[in-house]
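Spelled out from the first residue to the last, the chains are:
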Amino acid sequence: MMRTACALMILFILALGGCSSSEKKDEKKFTVEDLGIVSKADGRKVYYGMKQADAEAVLGQGKERRKGEFEYALGVYAFYRDGKVAAIRLEEEAKNHYKTALDAEIGMHKDQFESIYGDVHMPTIPDSQLTYVFDMKKQVLLKENKPKNDKEAKNLLIFSALEYDGIVDTIVIIDSYSTSHGIKE
């Protein structure tokens, strides 16, 4: 009797463990590079935290608009803090030249964008942007952007698809710290 009870208890614990691991298999996993951009011409990537020199090897020479903010050809903007990419923005001109590392691009429908990156994002209303919050340490998406301090804010990456009439026309990648403090050298 005691042996049967122990066997049932072990089976129950294993079953619970199996349930939790299968739920995690369905969860989409990302890296910082997955939330970067890729040149359609040659497949080279630019992503958050990359050295400015490495980013410019892909983007070409930029024109500094303000301290730390550079405009590049073909609708790409990059912002640098401490010599590293702190934000990237793709605008409509980038449509035929750049895409995200997971093949989302300017001109696609917002629903297609969501099918690539999933439905774990900040709440949205119809005709508004999709905003994803990525915890770079845990490598998971969160449903809200609520860092407890500046250190935590620098570890959250905001990934947004802005749209007009359901069509993505701007993609922005920026850390949570920069959204509240601006990008400072």
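You'll find the structure just up there.
Residues numbered from 1 in each chain as written. Predicted model: local features only at pLDDT ≥ 70, side-chain atom pairs only at ≥ 80, totals over all residues. Heavy atoms only, no water.

**Student:** Run through the overall build of the chain, naming residues and quoting values.
**Tutor:** A tally of regular secondary structure across the chain gives five helices and eleven strands. When burial is assessed residue by residue, the chain has 40% of its 185 residues classed as buried. Partitioning the contacts of the chain with sequence separation of at least 6, the portion at a separation of at least 24 is 48%. Summed over its atoms, the accessible surface of the chain is roughly 10,900 Å², and 54% of this surface lies on carbon and sulfur atoms. (Helix = DSSP H or I, 4+ residues; strand = E, 2+ residues; numbered from the N terminus. Buried < 20%, exposed > 50% of the residue type's maximum accessible area, 1.4 Å probe, protein only. Contact = heavy atoms within 4.5 Å. Areas by Shrake-Rupley, 256 points an atom, 1.4 Å probe, with all protein chains shown as cover.)

**Student:** Could you give an account of the sheet that holds strand β7 (residues 98-100), with specific residues and numbers?
**Tutor:** With antiparallel pairing, the three strands of this open sheet are ordered in space as β2-β1-β7. Edge positions in the open sheet fall to β2 (45-46) and β7, since each of these has one partner strand only. (Pairing = 2+ DSSP bridges.)

**Student:** Lay out helix α3 (residues 110-117) with the relevant residues and their values.
**Tutor:** Taken residue by residue, α3 has K110, F113 and Y117 as its buried positions. Here the buried residues of α3 occupy an arc of 60° about the axis, which is enough to place them on one side. Where α3 is buried, its residues touch β7, β8 (130-135), β9 (140-142), β10 (156-164) and β11 (167-175). G118 sits one or two residues past α3 and shows a positive phi near 95°. (Arc of directions from axis to C-beta.)

**Student:** An account of the environment of H97 is requested, with residue identities and associated values reported.
**Tutor:** Within the fold, H97 resides in the loop between β6 (84-90) and β7. Taking relative accessible area as the criterion, H97 reaches 32% and is therefore assigned partly exposed. When sequence neighbours within four positions are dropped, the list of residues in contact with H97 reads V38, S39, K40, A41 and L74.

**Student:** Report on the packing of aromatic side chains, specifying residues and quantitative values.
**Tutor:** Using the criterion set out here, one finds nine aromatic pairs in the structure. Centroid distance F70 to Y72: 6.4 Å. Interplanar angle 25°. Geometry classified as stacked. Classification of Y72 by relative accessible area gives buried; the value is 3%. Seen from their ring centres, F113 and Y132 are 6.4 Å apart, and the 40° between their planes marks the pair as tilted. Here F113 is found in helix α3, whereas its partner Y132 is found in strand β8, with 19 residues between them in sequence. On the accessibility criterion, F113 (0% relative accessible area) is buried. Its relative accessible area of 1% is what places Y132 among the buried residues. Ring-pair connections join several aromatic residues into one group, and the members of that group are F30, F113, Y117, Y132 and F159. The aromatic ring of Y77 is capped on one face by R89, whose charged end is 4.1 Å from the ring centroid. (Phe/Tyr/Trp six-rings, centres within 6.5 Å; stacked < 30°, edge-to-face > 60°. Lys NZ or Arg CZ within 6 Å of the ring centre and 35° of its normal.)

**Student:** Account for the layout of surface pockets, with residues named and values stated.
**Tutor:** Here the largest pocket defines a volume of roughly 240 Å³. Contributing to the lining of the largest pocket are D135, K137, K138, L142, E144, K146, P147, K148, K151, E152, N155 and L156. (1 Å grid on protein atoms, 1.4 Å probe; cavity = no way out; pocket = protein on both sides within 12 Å on 5 of 7 lines; lining within 4 Å. Points joined across faces, edges and corners; volume = space filled by probe spheres on them.)

**Student:** Tell me about the pairing of β8, and name the residues and values.
**Tutor:** For β8, the tally of buried residues reaches six of six residues, placing the bulk of the element in the interior. On β8, burial covers both faces: L130, Y132 and F134 on one face and T131, V133 and D135 on the other are all buried. Where β8 meets β9, three bridges bridge the pair, whose relative direction is antiparallel. Bridging across to β9, F134 finds its partner in L141. Counting the residues in the hairpin turn of β8 and β9 gives four residues, including Q139, whose phi is positive at 55°.

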